[in-house]
Amino acid sequence: MAEHVEVSFDGAQGSLVAPLPGKSSNLLHRYMNPYNAPSNNDEEDASFPPIKKPVNGVNGDNHTKLNELNESAILPVLDHAHLVSTPESFFVDDNDSNHATSIEDNFLEESVRVDKDSESSSSETYTTSPPRSIINAGLESFKYVVSILLLVFSLTLVTSTIYTGQTTAIQRDSFNPVATYVLFWLLLIFLAIMEGGLGCLVGLQPIDRTCYSTSHPVTLKSTVLGHEGNNMERVIVGRQFLIVLAVFFINWLGAPVPNAEVLGLSGILKAIFLDSGLAVILTTIILGQLTSQINAAQCMLDFLNSHFMLYFVTYLSLAVEFSGLLHSVYLVQILFSKITGKAVEGNEASRGTIGQIFFWIRALFSLSVVSFGFALTFQALFEKQTTIWEWGYIPSSISMVLLFALFVFVGMMEGMQIALFTVVNLPEEELARYSIAYRNCQLVFRGENLQAYLIGRQLCTSTGMFLLARMMTLNYSAESNDNNIWGVSNGLQFFFNTGIMGAVVTTVVASLIWRIAASTFPLAFLSNPLVYIFIRFCLLIEFLGVGSSSWVLARIHKCVSGFQPDEVYLCNAEPHTSAPVTRRDKDIDRTATILKYFSSLSLLVFCIIMLTEAIFTEQKNGALSSSYNIPPAVTFCLFWFLLIWLSVMEGGQGCLIGLRPIDKFMYAESHLLTLRNTTVAHMGDNMERFIVGRQFLVVLVIFAMNKIVGSFTTSEDDIFGLPSIVKNVFLSSGGLAMIVITVVIGQLTSQINAANCMLDFINNRIMLYFVTHVSLAVEWSGLLHAVYAIQMLFSKITGKITTQEEEISGPRSKVFFWVRATFSMLVLIFASVVTIAALFSNKTTMWEGVSGGVSVSILISLMLIVGIMEGAQSALFAVVHMREEDLARNAIAYYNCQLAFSGQNLQSFLIGRQICITSAMFVFARIMTLKEIDSNDDTVLGVPLGVIQVLFSTGLLGTVITTILASLMWRIIASSFPLVFLSNPLMYLIIRLCLFLDGVGVCSSAWVLARFLKPMVGYQPDEVHLEGAAQHTAAPATKRDKDIDITITIMRYVYSSVLLGFSIVVVMAVIFERKTILSQEVHPLFASFSFWFFVFWLAIMEGGQGCLVGLQPVDKDIYAESHPVTLLNTRKAHSGDNMERFIVGRQFLVVLVFTMINMCGSAVEGTQISFLGNSMNGIFVGSGLGMILTTIVVGQLTSQVNAANCMLDFINSYFMLATTYLSLFVEYTGLLHSVYLIQLIFARLAGKPIDTNEPQRNIPQTVFFWIRVFFSLLVLGYALVITLTALFESKTKMWDGVPGAVSIIILIILCCFVGMMEGMQIAFFTVVNLPEEELVKHKTVYQNCQTVFSGPNLQSFLIGRQICAASGMFVVARIMTLNYSEQDDNVLGVSDALQTFFNTGLLGAVITTILASLVWRVIASSFPIAFLSNPFIGPMIKLCLFFESTGVCSSVWLLALTQKKIAGYQVDELYIGTPDERCADEEEGFEIGADADGNVIIGY
């Protein structure tokens, strides 16, 4: 029989902990995991195939060189005494292996390398990327968006600062703003070429120049010169000075002067972006450094192939080095060479006598210059005449300390990279002798950390350089010699003020010297304790995504400049196009798409809010509304009815056309209403009749919407305080709000879903009766029969017979047809005459001041444009099947077709066309709708007032004109003469206009609405019904669906993060205004510290319990050495029944901490924060929402997320160990032992013994146990008496005005609510392993389980449950916290000291822990089926899912990733492997199962 251990608290009746079903060691936390959560993956490969790199055969030699190139570009081999480094070549080719540079992608997954040589004769090696969750993909896009916005904002500030003359160069030195701006950009370009150029020169060293001598002649000149002798080292030295000098000059030209006023910025934003110079720093780093480095890393040949690089970088760098200005660095090099006993390596012969003399002259000259620069800087700092003093009063001594601190900071950043690449090829056993250096190397070279570190290092180094520039740039006015330093001339003072001397000192002291030291003593350098901190800081900076926009700019720059990867020239690889090559390219393209979705959704929501507000404030009522005094609510409902009707018509036509070839028998049973629709529409020529009638209805609906809510009425009431121009743009007739809502909701959304779900879309009675039948009725009326006359005319002209399935037979039919055609022509002529007459007499709703002639001209022009757009679609589809040679004979038509059918252009054209046509329709409605005529006004054509005049003013005549002359007629022309139609010169411009309108994404929100409307109404693709394909769920089915899901994810991140930040600000404001219980008694700083201490302690407890539970099945010997404190925690907690004791004690501590947080952060009654309005005060302050959100996100969910997969690291702290012991101590006191009595009672009721891991108690232990039980019962009873008495006396923190009896009822309800939330989790995990046939017997339980365990619902339920339970805890804490003041009589006459103790809320914590938590857990684990059969469970599950779906706590994922990054947490698999791997290592099978009673059994 196999050995086994029964875990009493995992499956036992009366258990306090959820069981661990299946083989997983921590199922509950698996679903709280952002990296392994059951969410959809973003696992599409790049559209561009991976570059194949053959080792043998064709291009084998070039491949060998390319391997050397890549190796040198990624991990350069550095001589110990040399300066050669490749800070610009660290951007490794991320083709199919780049995880979007996010550290979080390494949490669980590493790149998977598949060596095909091991499976077949092929010797090609590919690198594939692991799938990412939508959360991670969304985070990457979020960082791109934020970084782009930050760059645009910074660039705007810099530009405004320069053009308002508020920089040092303009204000102090009288430079021209335009010249300053031009010079600023020239320096940025110069800096960019230098930053990228050096990496190219270093990376091309191993490449045979004959491979690119013909294709890249200028590159050849640069490499010949740069690689000659020791020129590479000389280029690096000279170029480093030029970079520092460029940074100093950029700071001089672009940094704002003190107290600069730019764009009205003030307060913290001004301090961050202007006073600190962050705007110019970000602009320089992103535009002048990172962007060029990214492209130069892979496109070295193309990047170097410019004369600017040759003459202004390579030659100039060599000239600077030759001048001897920096030769003092060689003295340091020689010194370190003497110390190590290694000769300085070189590629040139030893210097002769003259060479030695010249070298030492330059070295001494350099020493003199550096010494003079130091003296100059020190003097200026002591005289407070550098730009550092612009920051305010800083003592001279502090300035000196800051200067040297920055030297060390920048120098270590420069040296760390050299040291890391120097030791990269050392044997691991040698490196391991230096523990600190070894740990630092492990951190840097883990996963994607190297690239992230180098990006962060670049950001830190450049920022340090800018700060040094501010400190070392002199700020003497130079107005007279008396004010100059040491009395020098004004010209020399101006030279000193430029910062050139500071650039020399910085280059030598803060850069080159540190590089030499790092390459000479790499292990000693990396053993510096500060190195680990700096590495972590660099990783954090990169993780925040501040510089992520550089990848976007590099992608654009690469496409625009035509750069190609070096493999294209050296290995004959396929050239790159604008299509995405890497995952990062896809991320960037997706980001652009997401921006369109986001902006379009924002625009749509804004338009709906604007229009709704205008309707209900009666600022936007059409003539019809005002004439008949229609209430705003009726107007609103009528508008939305018309919008829905329009959407059904727009989607329905495509469905009827698309279903014509489908055998109706295939859907006769499943879609009865669809069958009735298609039977009517497909009978004879009904399809054509339907199209004619439907087109009239579409135009009529647009005219009607314009009539109902289309006239802007000037009102003194503001709409959200918006300026009048915004109101006019969005609300005037034909305004943007109406157009956007109509196009997105009324047209595109339905068309998108109808395209793939035709059967479901028209399977409704609205389509049957209000669209199909009404359209046919309109056509039968003859109102539009004039279009048939036009059709017959063009049929005669072309000589083609009109295709018909019916023939007009019999004289009656012919007479009836021509009567209707004549009637239609007369109506059309009459409508045209009336409309033109009304335009000339200014009797239409045309804008005031527009003459009749101009109005008619505008009308005709618009009809022409709309007609061409209407006909373009028909013409394009008419020629789609023509032979290409026939089409090519018509050059203009052929060119237009190529443009329209290229890539995704057809879809984009149709969407843009829809936008244009609808916009024009609303203008038509304004032009051709006649005004309401008063009794004193002249009527049109003298028609008397009455029904006819009212008919004129409805716009019906305009509808007839528009339908025939601006739509149907042009469709006939286009289908009759498609090539002639497409040869229209205007066609190209119209196609381009439509493509542009779709490209800007103004209506992209239609895709988002269609994405979520589809599962909401249950639409399924036609393949599901016709071919038996798998049904679609809410999971994304296409790339666009994934993009939309990521967009929604980002939106949730953004608003949740903003909400969290706002909540924290509110809580801190309440505390510092002394509006909380604690801050009224102590200093606000102490109250604030206490608040955060309890929040962080709560986080430790929340995450720690999951870790202790999850680590139970893991052999402790596996992590005994790597995590010694974790071992202490688990040994103590897993001993005997300590796990159950820990949970009991911890639960009390959690409730107690909630009570303390409530005292620290909950506002007292009547608190008003000055910067919030009444409603916001009520929501965030009065209700405590701000404090609740802060606690849930920061104090609970964030730690639970990280503890889910980083259990070993999370509890590897003495703080958690102290929490473990404290929890056990609380349980040992017996304060909560009454819960064991309840456990015993329910065990008896269930007829099952309580399982335990300890021997049966002896008599003394039993006596001690029951003493504590009775003590706990006494404490609980006393606490209840005290609390109930206080509630009846209204002496708790309960809101004022609530009677005592009502307070008690609310308290009981909340305790039940919180208790059921606590118990649901236990019950669900108790029944999860029950056979399905057992669950099916209990219908309610089965339905609840299906809801919770369906797809990602479990994770959503757990998060929503946490939100609900925590919110309930806070309200319970408020109700049960006593509030007796010194003036009040104490409860039950107790002493003042005891009353003060009661006021802390400790009694309420005892009650809550037992009656609102532990008792319910026991009930749920004892009777899970009965518990889940409760009718309240279903609605509570829905409530939890709803709260999670709102995304109110989505910021927890970002905080968890940030915390993991800062704390350095690693997933447990890194230390102990996966459960399957651990099982495989055991000699005998390791099993986790359950016995017949549901108890979890772990054994071998």
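Residues numbered from 1 in each chain as written. Predicted model: local features only at pLDDT ≥ 70, side-chain atom pairs only at ≥ 80, totals over all residues. Heavy atoms only, no water.

A count of helical and extended segments in the protein chain gives 66 helices and seven strands. Buried positions account for 56% of the 1500 residues belonging to the protein chain. Put simply, 83% of the contacts in the protein chain that link residues at least 6 apart link residues at least 24 apart. Total accessible area on the protein chain is roughly 61,500 Å²; 63% of this is exposed by carbon and sulfur atoms. (Helix = DSSP H or I, 4+ residues; strand = E, 2+ residues; numbered from the N terminus. Buried < 20%, exposed > 50% of the residue type's maximum accessible area, 1.4 Å probe, protein only. Contact = heavy atoms within 4.5 Å. Areas by Shrake-Rupley, 256 points an atom, 1.4 Å probe, with all protein chains shown as cover.)

Before going further, it helps to spend a moment on the packing of aromatic side chains. Going through the model one piece at a time under the given rule, you end up with 56 aromatic pairs. Aromatic side chains phenylalanine 606 and phenylalanine 730 sit 5.0 Å apart centroid to centroid with 80° between the ring planes, which places their arrangement in the edge-to-face category. On the criterion of sequence distance, the pair formed by phenylalanine 606 in helix α25 (residues 583-616) and phenylalanine 730 in helix α30 (residues 724-731) is long-range, its members being 124 residues apart. The class of phenylalanine 606 is partly exposed, set by a relative accessible area of 29%. Given a relative accessible area of 12%, phenylalanine 730 falls into the buried group. Summarising the aromatic geometry, the rings of phenylalanine 1265 and tryptophan 1266 are spaced 5.3 Å apart at their centres and angled 80° between planes, so their arrangement reads as edge-to-face. Take phenylalanine 1265: its relative accessible area is 6%, and that puts it in the buried class. The exposure class of tryptophan 1266 is partly exposed, given its relative accessible area of 32%. In textbook terms, an aromatic cluster arises when at least three aromatic residues are bridged by ring pairs, as seen for Phe1089, Phe1093, Phe1094, Trp1097 and Phe1215. (Phe/Tyr/Trp six-rings, centres within 6.5 Å; stacked < 30°, edge-to-face > 60°.)

With that out of the way, let us pick up unusual backbone geometry. Excluding glycine, a negative phi dihedral is what most residues carry, and trans is how most peptide bonds are arranged. The residue lysine 384 is not glycine, and still its phi comes out positive at about 55°. Among the structural elements, lysine 384 can be located in the loop between α14 (353-382) and α15 (396-423). Even without being a glycine, tryptophan 486 presents a positive backbone phi close to 55°. Assignment of secondary structure puts tryptophan 486 in the loop between α18 (449-472) and α19 (490-497).

So, about the side chain of threonine 1408. Relative to the assigned elements, threonine 1408 resides in helix α61 (residues 1402-1422). A relative accessible area of 3% places threonine 1408 in the buried class. Aside from chain neighbours lying at most four places away, what touches threonine 1408 is Val1151, Met1369, Val1372, Met1376 and Ser1413.

Glancing now at the state of the cysteines. This model, assessed by the stated rule, comprises zero disulfides. Cysteine 200 takes part in no disulfide bond, and the closest cysteine sulfur, belonging to cysteine 299, lies 8.6 Å away. Cysteine 1107 carries a free sulfur, and the closest cysteine sulfur to it, the one in cysteine 1206, is 8.5 Å from it. (Disulfide = S-S within 2.5 Å.)

Attention now moves to helix α46 (residues 1039-1072). Between its first and last C-alpha, α46 extends 49 Å over 34 residues, near the 50 Å set by a 1.5 Å rise per residue. In the stretch just after α46, arginine 1074 is the one whose phi turns positive, near 55°. (Expected span 1.5 Å × (residues − 1).)

What follows concerns the nonpolar core. Membership of the largest hydrophobic core comes to 141 residues, with the highest contact counts inside it found for Phe241, Phe407 and Tyr453. Among the elements that line this core, the one with the most residues is helix α8 (residues 231-254), at 16 residues. Other than its neighbours up to four places away in sequence, phenylalanine 407 contacts Phe374, Leu468, Met472, Val505, Thr506, Val509, Ala510 and Trp514. If you look at the next biggest cluster of nonpolar residues, it comprises 128 residues, including Leu659, Ile741, Leu783 and Cys1003. (Core = buried A, V, L, I, M, F, W, Y, C linked by side-chain atoms within 4.5 Å.)

Our next topic: helix α9 (residues 267-275). For α9, the complete set of buried residues consists of Lys270, Phe273 and Leu274. The buried residues of α9 all sit within an arc of 95° when viewed along its axis, so they share a single face. (Arc of directions from axis to C-beta.)

Residue-level pLDDT values for the protein chain average 82, and 85% of them are 70 or greater. Low pLDDT, under 50, characterises residues 1-128; the predicted model gives this stretch 385 contacts beyond four residues in sequence or across chains. Here residues 1483-1500 scores under 50 on pLDDT; set against residues more than four positions off or in separate chains, the count is 51 contacts. (pLDDT = per-residue confidence, 0-100.)

Attention now moves to the pattern of salt bridges. Summed over all chains, the structure comprises 25 salt bridges. Residue arginine 883 is joined to aspartate 886 by a salt bridge in which the shortest nitrogen-to-oxygen separation is 3.1 Å. Aspartate 886 sits in the buried class, given a relative accessible area of 19%. The partner of glutamate 1165 in a salt bridge is arginine 1374, with the nearest N and O atoms 3.4 Å apart. Residue glutamate 1165 is located in the loop between α49 (1138-1161) and α50 (1174-1182), and its partner arginine 1374 is located in helix α59 (residues 1353-1376); the two are separated by 209 residues in the primary sequence. The class for glutamate 1165 is partly exposed, based on a relative accessible area of 44%. Ionic contacts of the salt-bridge type, sharing partners, join the residues Asp587, Arg590, Lys1039 and Asp1043 into one network. (Salt bridge = Lys/Arg side-chain N within 4 Å of Asp/Glu carboxyl O.)

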